[in-house]
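So you can see what is in the structure, the chains are spelled out below.
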Amino acid sequence: IEMCTEWAGGALALAGVLPWHDTEYPSLYDGPCNVNRDAAVKPTDAIVFVFCRKEDLSELVFPINRWCPNFRRAHPEGEEGGPFRCAFCKPGQLAFYYEKELLAHCAGRIHKKREALEAKWLSNYGAL
């Protein structure tokens, strides 16, 4: 999802990463959503990514206090965090203060799955 802005030719910007329960969606669908072979996801864990045209970002970006805490670094006013960053876990701009933390993250199962999925996606759709 974090690549949407690039696939749109740079025309989009991330305007918000909002907790599911803070949007109107719970009134439309009470969830929970089912993913990974019907394993239930608690609605409290669900998030909604909001994009807008890049030129409208200053007017449309949601206030940082409305963003999910784990994604606030991606907000235009968000803190930078540490100098070591994960190339694949970008929506929250996953940053580490120590290189060993980044290496441990990159060795993790979830990161490896995400990296493989990203490589597969790029090999299938990267030339769009």
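Residues numbered from 1 in each chain as written. Predicted model: local features only at pLDDT ≥ 70, side-chain atom pairs only at ≥ 80, totals over all residues. Heavy atoms only, no water.

If you tally the helices and strands in the chain, you get 5 helices and 6 strands. Starting at the N terminus and walking to the C terminus, you meet the elements of the chain as α-β-α-β-β-β-α-β-β-α-α. Split into buried and exposed, the 128 residues of the chain put 27% on the buried side. Split by element, the accessible area of the chain, about 9100 Å² in all, is 55% carbon and sulfur. (Helix = DSSP H or I, 4+ residues; strand = E, 2+ residues; numbered from the N terminus. Buried < 20%, exposed > 50% of the residue type's maximum accessible area, 1.4 Å probe, protein only. Areas by Shrake-Rupley, 256 points an atom, 1.4 Å probe, with all protein chains shown as cover.)

Let us look at the environment of A95. Along the polypeptide, A95 turns up in strand 6 (residues 95–96). Among the residues examined, A95 registers a relative accessible area of 9% and is labelled buried. Spatially, the C-alpha atom of A95 lies 7.9 Å from that of E80, the residues being 15 residues apart in sequence. Sequence-distant contacts of A95, defined by excluding residues within four places in its chain, comprise R73, E80, G81, G82, F84 and R85. (Contact = heavy atoms within 4.5 Å.)

Quick look at a nonpolar patch on the surface now. The grouping of W7, W121, L122 and Y125 at the surface amounts to a nonpolar patch, some 410 Å² of accessible area in total. By the secondary structure assignment, W7 is in helix 1 (residues 4–7). On the basis of relative accessibility, which here comes to 44%, the residue W7 falls in the partly exposed class. (Patch = residues over 30% accessible without salt bridge, like charges linked within 9 Å, V, L, I, M, F, W, Y side chains within 5 Å. Salt bridge = Lys/Arg side-chain N within 4 Å of Asp/Glu carboxyl O.)

Moving on to the confidence of the model for the chain. Per-residue confidence for the chain gives a mean pLDDT of 79; residues scoring 70 or more make up 80%. When pLDDT is averaged over each helix and strand of the chain, the minimum, 57, is found for strand 2 (residues 34–35) and the maximum, 92, for helix 4 (residues 99–106). (pLDDT = per-residue confidence, 0-100.)

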